[in-house]
Structure formats: structure tokens, C-alpha cells
Amino acid sequence: MKRLCASLLMCLLGSLNPVHAAPAPHPHWSVGFHEMSFLDPLDQQPMRAIAFYPSSDKEHTSTLEGYTVEAGEDTRVAIGRFPMLMLSHGNTGTPLALHDLATSLARKGFVVVAVIHPGDNSRDHSRLGTLSNLYGRPIQVSQAITEALGDRMLAPFVNANQVGVIGYSAGGETALILSGATPDLDRLRRYCQERPDDRDACNTQGELIVDRDDLQPVADPRVHALLLMAPLSLKFGRHTLADVHVPVLLYSGDGDKLVAFDKNAAALARKLPIAPDFKLLAGAGHFVFMAPCTEEQLAAMPALCTDADGVDRKDIHRTMISEAGRFFSHALGKPDRAGMQTADQ
């Protein structure tokens, strides 16, 4: 009898344990992408952005400009109203170089709008070193925010009060202007006198080409949080950062040979009025924030794909994606699923 009671008790406990241990339901989202085309506010010529978003469709893989991206074109948008993150790439770059960050954040419940800056991207360098590029990039991101909030496909699923910006390299400068910073061009001149061999920051010897004297730095009050990766920030002093009052997650590698760590990220961390959450990556270089390379990319672009000994790009990206998701969820708020209809209605 004792053995029978013990057996019954064990069966009862066994049947109860899964009930207590079962995790709360969590939606599994795939990723979709949506091509956007609108007019560049600087010259009314067409420009592009690619929006990555949570999708309820099956998993897809696409090839975009040579990058293999885990997203399907115009797949069904998941149900919810999601925070939106604008992605600004570096000088002469492409946001697709950060495709893993964009798709991973979309999978976590963010709409990530990757802006392709006219005149300063991998195919067009015509505005490099100009005032129109410095002051125009933030205006382009602001226009992309407006366009996304009015896009027939995306607008029903984006929360206009939950907007953040991701800025990589020169995109970090763009993000800071959007949040209220004002570039000080004298700082660039002095820096280039001190370090004339900096071919990235000083390709015009510290003097920007004044192609548009009608432009000024314009902040966007819709921006509420920043993720900065190896930001180009040497044009900002403490007083020109005084109006930046949004939370900042800041990443940089102390092995950065392109955007000098001491004059950019390290100085920025000291000068921001609200201390950022600063993640310093030992030994990491400037390109560690680009998506881990395939074998073909490694062979074609070894300088962009090869990291210093002891630097694990895949591990850095896993950690950064996790921390970025937590940061933006805390700073902007989580997706709102209340009262939403299905995407098919």
C-alpha cells in the first residue's frame, strides 16, 4: 500500500511539474523586408531605404546587393505596433554590411529602416567631404522617418512615439545631430593639423567643401534613443553635446585604426551630458561591427573581414544584438500587441 501511494504521488507530481515549468508563450517572428523609395530632401532626387520588420510568414533568405540576408521581400507583417529604429551607415558604406544586426532586431520586435545616403554610399561618393553630406544625412534620416510613418504597408505596425537611431561610424555623427548635437568645424580643423595622416577624417585637410551654405544641423524630436558603433564624433565638444538628452548605448574597439578611438568614442563617452552605457571591445578594429563575413567575402575583402587575434566577431555580434534589444526595449518600450487586427484585414 505504501508503495502504491508513493507511486501515485510521484505520478501526480510528475503531471504537475510541466504545468509549473512551462514558459509563457512567446511569438516566433521571421523577418521581412520592404523597399522604400522617396525623394531626397536635399535635391528632390530619388533615394532608397530598406525596412526590415517582424513577419509571421515562414523563414526566407534573400540576396541583396551581394549579401545573403535572412529576410523575405514584402512577407506578411506580424501583428503588433512596433518600435522603429533608423540605421545610418558609414561614409561610402552600405547598411547591408550590418544586415545581421538589422534582421536580428527585427526578429526581436523592431522595425529597422536602413537608409542609403545619396552621395555617400558604396556606389556614389559625390557628396563626400561636403557640408551637404554632414548636415544632409540627418535630414535624410528625418525624411525616412516621415516616409515610414506614412508607408501604406508599414504605418499600421509602427509606433510613432518609439523611434531610435543606430549609427555606425559617420552614421554615429548623423545620429548625434538628430538628437541635438551641433558639429564644431573648428575642432575638425585643429584635429587635422594635429593628425594630418588621418586619411578618413582629413581627406579634405579639415576643410569641408561648402557646397550648400543654406544647410544647418537639424535635430529631430521624434528620436528617443541612440545605439552608436565606432562613431565619428570628434567634431563635438562638451558644449556642442549639451542638448543631447537621450539614452545612448555606445560601442567601440580600442584597436580602431580608422576612426581614432581616443578622439572619438572615448572622448564622447566623457562629454555626453547623460553618461552612455559604454562597451569597450579590447583589440577590436573599426570593421568588427560589420556582419561576420562569408568565405567569399573574406577572399574579396580581407581588410574588412579580418579581425585581430583573439577578437571573435561572431561572439561580439551575438552579445551586441542581445544588449541592443534590451537597451531599445528599455529606452523606447516594447511592442504593443493590444487591440491589433490581423495583417490580412
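Sequence order as written defines the numbering, with residues in each chain counted from 1. Selection of residues for local features in this predicted model requires a pLDDT of at least 70, selection of side-chain atom pairs for listing and counting requires 80 or more, and totals for whole chains, interfaces and linings are taken over all residues. Neither water nor hydrogens contribute to the side-chain values; these are computed over all heavy atoms in the structure.

Asks: I keep staring at the state of the cysteines and nothing clicks. Help me out?
Replies: One way to say it: the disulfide is the covalent bond shared by the sulfur atoms of two cysteines. The disulfide criterion is simple: two cysteine sulfur atoms within 2.5 Å. For the structure shown, the criterion picks out two disulfides. One disulfide in the model links Cys192 with Cys202; its S-S distance is 2.0 Å. In this structure the cystine formed by Cys192 and Cys202 twists about its S-S bond by roughly -90°; its chirality is therefore left-handed. Note that Cys192 is positioned in helix H5 (residues 185-194) and Cys202 in the loop between H5 and strand E9 (223-229), a separation of ten residues in sequence. Across the disulfide, Cys293 is cross-linked to Cys305 (sulfur-sulfur distance 2.1 Å). Linking Cys293 and Cys305, the disulfide has an S-S dihedral of approximately -85° and is accordingly described as left-handed. Here Cys293, found in the loop between strand E11 (277-281) and helix H7 (295-300), pairs with Cys305, found in helix H8 (residues 302-305); they are twelve residues apart in sequence, far enough to count as distant. Using a relative accessible area of 27% as the deciding quantity, one classes Cys293 as partly exposed. Relative accessibility decides the category of a residue: with a 1.4 Å probe and only protein chains considered, values under 20% of the type maximum give buried, values over 50% give exposed, and everything between is partly exposed. Residue Cys305 is classed as buried on the basis of its relative accessible area, which comes to 10%. Working definition: helices are DSSP H or I runs of at least four residues, strands are E runs of at least two. Numbering for both runs from the N terminus.

Asks: What exactly am I supposed to notice about the pairing of strand E7 (residues 111-116) here?
Replies: Every regular strand shows the same layout, with side chains that alternate between the two sheet faces. Burial within E7 is extensive, with six of its six residues counted as buried. Residues of E7 alternate between two faces, with Val111, Val113 and Val115 on one and Val112, Ala114 and Ile116 on the opposite face, all of them buried. By this definition, two strands are paired if DSSP reports at least two bridges between them. Of the pairings in the sheet, the one linking strand E2 (residues 46-55) to E7 comprises five bridges and is antiparallel in character. Bridge assignment links Ala49 to a residue of E7, and that residue is Val115. Alignment of strand E6 (residues 82-88) against E7, held across five bridges, turns out to be parallel. Bridge assignment links Ser88 to a residue of E7, and that residue is Val115. Handedness rule for crossovers: strands pointing away from the viewer, path from the first strand over the helix to the second running clockwise, crossover right-handed. As a crossover connection, the stretch from E6 through helix H2 (residues 99-107) into E7 is right-handed.

Asks: Is there a simple way to think about the packing of helix H3 (residues 131-150) against helix H4 (residues 170-178) in this case?
Replies: Two quantities define a packed helix pair, namely the angle between the axes and the distance from one axis to the other. Orientation is described by lines fitted to C-alpha atoms, with helices fitted over the stretch in contact, and by angles between N-to-C directions that extend from 0 to 180 degrees. Axis separation between H3 and H4 bottoms out at 9 Å; the angle between their running directions is 70°. Taken together, the axes of H3 and H4 are roughly perpendicular relative to one another. In this structure, H3 meets H4 at a crossing whose hand is right-handed. For the pair H3 and H4, the contacting residues are Leu134, Arg137, Pro138, Val141 and Ser142 in the first and Ala170, Gly171, Glu173, Thr174, Ile177 and Leu178 in the second. In terms of residue class, the contact of H3 with H4 is made up of six nonpolar, three polar and two charged. Roughly parallel refers to an angle under 35 degrees, roughly antiparallel to one over 145, roughly perpendicular to one between 65 and 115, and oblique to any angle outside these ranges. By convention the crossing between two helices is left-handed if the near helix lies anticlockwise of the far one by an angle smaller than a right angle, and right-handed if it lies clockwise. Contacts between residues were defined by any pair of non-hydrogen atoms, one from each residue, lying within 4.5 Å. Think of it as three bins: nonpolar holds Ala, Val, Leu, Ile, Met, Phe, Trp, Tyr, Cys and Pro, charged holds Asp, Glu, Lys and Arg, and polar takes everything else, Gly as well.

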